[in-house]
Amino acid sequence: VKKIILSHSTKPFKLIILDCDNTLWGGTIGEDGITSIKYSEDEDGKVFEDVQRHLKYLKKQGFLISISSKNNEKDVWGAFQNRKMELKKNDFLCPKINWFEKYTNIQKILRELSLKEDDVLFIDDNKLEIDKVKKKFPKISVLNSEDISEYLEKLQGHPRLQKLRVLEEDKKKYYQYNLRNKYENLKTKLNSLDDIYYELKQKIKILDINDSNVNRAEQLFNKTNQYHSGYQPQLFI
């Protein structure tokens, strides 16, 4: 009952930003190497496999996932591929894997996806890194992955990672935000909106509200009613 009440009264996250070492796998890839990091084996390795499986499940529900990690990018993608992990490179939107500060990378991710800090959950095992991110983004939510015994439970039980209803549009979030990212990149190269829409191969459809899309219409109305007080929507786009 408590879980249901929290789901009704709590706004879900839109984006989960993850560190890599001791967050998506056990150990430090730069020191241990791809073959020695903990993933899918018994004990800790199995926990990280389960964590990735749950993140994949959250992505299917419409949560976006990204990376902000101080690492060698080639090593990171090599680990996902060579260790046959649950998550793949194309599961992540706007990943930032480099040696810049993590809060700098997070700032870029938010700008590229046009998201606010209070829509984001940042997961890392390093308290110092978490504190630096919180100092830069006071409204961002954080989860410490250091305690492996509680990590998966915290992820599964977080009230802002629950959805009572998953609409078809929620399942398309990755595609929609990926398209938005392409749009932002094209804006710097093309001057005409017509040219941008042509490159993105987008078509606009106007539909009447009916039983099959009324939940989506309600979702859109709830997003916009703070700006259009008293407006009664007649069309669903």
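Conventions adopted
Residues numbered from 1 in each chain as written. Predicted model: local features only at pLDDT ≥ 70, side-chain atom pairs only at ≥ 80, totals over all residues. Heavy atoms only, no water. Helix = DSSP H or I, 4+ residues; strand = E, 2+ residues; numbered from the N terminus. Buried < 20%, exposed > 50% of the residue type's maximum accessible area, 1.4 Å probe, protein only. Contact = heavy atoms within 4.5 Å. Areas by Shrake-Rupley, 256 points an atom, 1.4 Å probe, with all protein chains shown as cover. Pairing = 2+ DSSP bridges. Right-handed = clockwise from strand over helix to strand, strands pointing away. Expected span 1.5 Å × (residues − 1). Polar contact = N/O pair within 3.5 Å; in protein donor to acceptor, adjacent residues only side chain to side chain. Core = buried A, V, L, I, M, F, W, Y, C linked by side-chain atoms within 4.5 Å. Salt bridge = Lys/Arg side-chain N within 4 Å of Asp/Glu carboxyl O.

Draft legend 1. Inspection of the overall build of the protein chain at higher detail. A tally of regular secondary structure across the protein chain gives eleven helices and seven strands. The buried share of the protein chain, reckoned over its 237 residues, is 40%. Here the contacts in the protein chain between residues at least 6 apart in sequence split such that 68% fall between residues at least 24 apart. Accessible surface for the protein chain amounts to roughly 14,300 Å². Of this, 49% is attributable to carbon and sulfur atoms.

Draft legend 2. Representation of the pairing of strand β5 (residues 141-144) within the structure. The alternating pattern of β5 places Ser141 and Leu143 on a buried face, while none of Val142 and Asn144, on the opposite face, is buried. Summarising the sheet, strand β4 (residues 120-124) and β5 pair through four bridges and their orientation is parallel. Across the sheet, the residue bridging to isoleucine 123 is leucine 143, located in β5. Regarding topology, helix α6 (residues 127-136) serves as the crossover connection from β4 to the parallel β5, and that connection is right-handed.

Draft legend 3. Examining helix α9 (residues 173-187) more closely. Between its first and last C-alpha, α9 extends 21 Å over 15 residues, near the 21 Å set by a 1.5 Å rise per residue. Turning to α9, its buried residues are Lys173, Tyr177, Leu179, Asn181 and Leu186.

Draft legend 4. Main features of the side chain of serine 145. Inspection of the secondary structure puts serine 145 in the loop between β5 and α7 (148-157). In this structure serine 145 comes out as buried when scored by relative accessible area, which is 2%. At a separation of 3.1 Å, a polar atom in the side chain of serine 145 contacts the side chain of threonine 23. One polar contact links the side chain of serine 145 to the main-chain amide nitrogen of aspartate 125, over a distance of 3.3 Å. Setting aside anything within four residues of it in sequence, one finds serine 145 in contact with Asn22, Thr23, Ile123, Asp124, Asp125 and Tyr151.

Draft legend 5. Broad picture of the nonpolar core. Counting residues in each nonpolar core, the largest one holds 31 residues, and the members touching the most others are Ile16, Leu18, Leu24, Trp25, Leu55, Phe80 and Phe92. The set of elements that each furnish at least two residues to this core consists of β1 (15-18), α3 (44-60), β2 (64-70), α4 (73-82), β4 and α7. Among the nonpolar cores identified, the runner-up in size contains 17 residues, and Cys94, Ile106, Leu113 and Ile140 belong to it.

Draft legend 6. Here's a closer look at the pattern of salt bridges. With the rule as written, the count across this model stands at 19 salt bridges. Among the salt bridges present, the one from lysine 102 reaches aspartate 19, with a minimum N-O distance of 3.2 Å. Placement of the pair is lysine 102 in helix α5 (residues 102-113) and aspartate 19 in the loop between β1 and α2 (29-32), with a sequence separation of 83 residues. Note on accessibility: lysine 102 and aspartate 19 belong to one class, buried. Here arginine 83 ties to glutamate 41 by a salt bridge, and the two come within 2.5 Å at their closest N and O atoms. Of the two residues, arginine 83 is situated in the loop between α4 and β3 (96-98) and glutamate 41 in the loop between α2 and α3; the sequence distance between them amounts to 42 residues.

Draft legend 7. Structural detail: the pairing of β1. On β1, burial covers both faces: Leu15 and Ile17 on one face and Ile16 and Leu18 on the other are all buried. Both β1 and β2 contribute to a ladder of four bridges, which runs parallel. Bridge pairing links isoleucine 17 to serine 66 in β2. Here β1 pairs with β4 via four bridges, running parallel. Looking at the pairing, leucine 18 lines up with isoleucine 123 of β4.

Bear in mind that shape data such as this cannot, by itself, settle questions of function.
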